[in-house]
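Fold and contact review
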Amino acid sequence: MAINARRRLGFTLVELLVVITIIGMLVALLLPAVHSVRERARQTQCLNNLKNIALAVVSYDSSKGQPPALSQFVKQQNTVANSTNYADVFYDTSLSPARLAVHTTQLASTATPTNVAGLSWAAMLLPKLERGDIWDAIVTPPAGVLSTPIPQMAVFICPSDTDVNSQVNLPGLSYSANSGGWDRSTAGSFLWHPNQGDTADNGVFFDYASYDRQLPAIPVASRPLTRISNIKDGAGTTLMLAENIHKSYTDSSNKPLFSWMAGSEGLSTFDSFPSEQQLGFVWVVPDTGTAPTPGPDSDTGATIYQQERISGNIDKLGTFDPSKPRFARPGSSHGSGANVAFCDGHSSYLRDDIDYIVYVQLMTPNGRKCVDPGDHSDTRSSATPISNFRSAPPLSEKDIQ
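Residues numbered from 1 in each chain as written. Predicted model: local features only at pLDDT ≥ 70, side-chain atom pairs only at ≥ 80, totals over all residues. Heavy atoms only, no water.

Topic: the overall build of the protein
- Along the protein, the regular secondary structure elements total 8 helices and 10 strands.
- The 401 residues of the protein split such that 49% are buried.
- Counting contacts in the protein only where the partners sit at least 6 residues apart, residues at least 24 apart contribute 66% of the total.
- Carbon and sulfur atoms provide 55% of the accessible area of the protein, an area that totals close to 18,700 Å². (Helix = DSSP H or I, 4+ residues; strand = E, 2+ residues; numbered from the N terminus. Buried < 20%, exposed > 50% of the residue type's maximum accessible area, 1.4 Å probe, protein only. Contact = heavy atoms within 4.5 Å. Areas by Shrake-Rupley, 256 points an atom, 1.4 Å probe, with all protein chains shown as cover.)

Here is the structure:
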């Protein structure tokens, strides 16, 4: 007897569900790998940004005889008799959308620029980063132009900095400069020179705007200056720049506090906020031990020296307080560490498990000559906290690998 077998076409529902399940499992296995590759590409771009900026700083140092200041006042070329025009930064609500912009503030030639924004180290590098057009608009604004919006610049932004990349009109800055020891008092004011504040042995970039704002009588020659070619500990083992995406850009009313053009100091109602926290990264002298104790924010003077460890985990971020050094250290979303650049122009990856004393040694251009910025104590033989840094053995190759 002949049997007519019909050929079955298509899939059964069970087979289809099995195939979908297998595809889903494969995708679930592949997604972490894809995410890892993308993050590695972003990390590489970030490292390249740091290298380009570091080389610009080296070029600036070669031509000017010093690195750019952490923050400094910039005079414009268009001035009138007995007065000085300063490039200033403010939140321009007349623009659509409202954003940070550069405009002119005119003061009497003898006046102290108390409420003028000091331009950042990043702004001073514009000609070295092939953005002379922006620099020209700052120092020689076109006639009749009241304000110039500050643009977003890709070289100043880590691709993984979602806070900046999610706001197309935010001229953010993912990178910070080595501003040495924490040189702020508990009230957030600038420490007085010469008995307080950083020295050239403590860091690389210094806040000259604060000197001009609060100590105009101090001659420029008496202010700390670190020239890259004169770094005693070696430019290749002294940190210049680091990424830090844990900064906060806005206040409670969602107005930007700062940008790559300027720190918040000098901006309208933000005079009490220091620019060091937003433009720089620091080391601190703890009350006890060899490293600061991480902990919650506090308004007491005892916690002014608290600082979180170098972090590659953005979820650790708590409340950012620009008057304290808690998050003024390298921070990224690149895993267990952050990208950094050294004073010879090379860039590298700094692991977050680095010993804090080694971190301080990498920040100080002349390690054993570093001093406590609070009182300039420098004793190596006593139990003062700064002695832990000054008496540490020299760096070895394994410390910086």
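Details of a nonpolar patch on the surface
- Taken together, the side chains of V14, V18, I22, L26 and L29 make up a nonpolar region of the molecular surface, amounting to roughly 490 Å² of accessible area.
- Assignment of secondary structure puts L26 in helix α1 (residues 13–64).
- According to the relative accessible area criterion, L26 is partly exposed, its value standing at 47%. (Patch = residues over 30% accessible without salt bridge, like charges linked within 9 Å, V, L, I, M, F, W, Y side chains within 5 Å. Salt bridge = Lys/Arg side-chain N within 4 Å of Asp/Glu carboxyl O.)

With respect to the packing of aromatic side chains
- Tallied over the full model, the rule gives 8 aromatic pairs.
- Ring geometry for F73 and Y86: centres 6.1 Å apart, planes at 70°, overall edge-to-face. A residue pair is termed long-range when its members are at least 10 positions apart, and F73 in the loop between β1 (71–72) and β2 (83–92) and Y86 in strand β2 qualify at 13 residues.
- A relative accessible area of 7% means that Y86 is categorised as buried. (Phe/Tyr/Trp six-rings, centres within 6.5 Å; stacked < 30°, edge-to-face > 60°.)

Some details on the sheet that holds β2
- With antiparallel pairing, 3 strands are arranged side by side in an open sheet as β2-β3-β5. Of all the strands in the sheet, the pair left with one neighbour each is β2 and β5 (148–149).
- By the bridge criterion, 2 bridges tie strand β3 (residues 99–108) to β5 in an arrangement that is antiparallel. Bridged to V102 within β5 is T148. (Pairing = 2+ DSSP bridges.)

Section: the sheet that holds strand β9 (residues 337–342)
- Taking strand neighbours across the sheet as the criterion, the 5 strands line up as β8-β6-β7-β9-β10 in an open arrangement whose pairing is mixed. Either end of the sheet is taken by a strand with one partner, and the two such strands are β8 (280–283) and β10 (347–351). Going from strand to strand, the sheet's axes swing by 40° on average, the running direction of each strand aside.
- Inspection of the sheet shows strand β6 (residues 175–181) paired to strand β7 (residues 239–243) by 3 bridges, in the antiparallel sense. Bridging across to β7, A177 finds its partner in L241.
- Against the sheet, helix α7 (residues 356–363) contacts β6, β7, β8, β9 and β10, and its axis sits at roughly 125° relative to β8. (Axes fitted to C-alpha atoms, helices over the stretch in contact; angles between N-to-C directions.)

Observations concerning the environment of L119
- Relative to the elements of secondary structure, L119 occurs in strand β4 (residues 119–120).
- On a C-alpha basis, the gap between L119 and L70 in space is 8.3 Å, while along the polypeptide they are 49 residues apart.
- Residues in contact with L119, not counting those within four places in the same chain, are L70, S71, Q72, V74, A87, V89, I138, M261 and A262.

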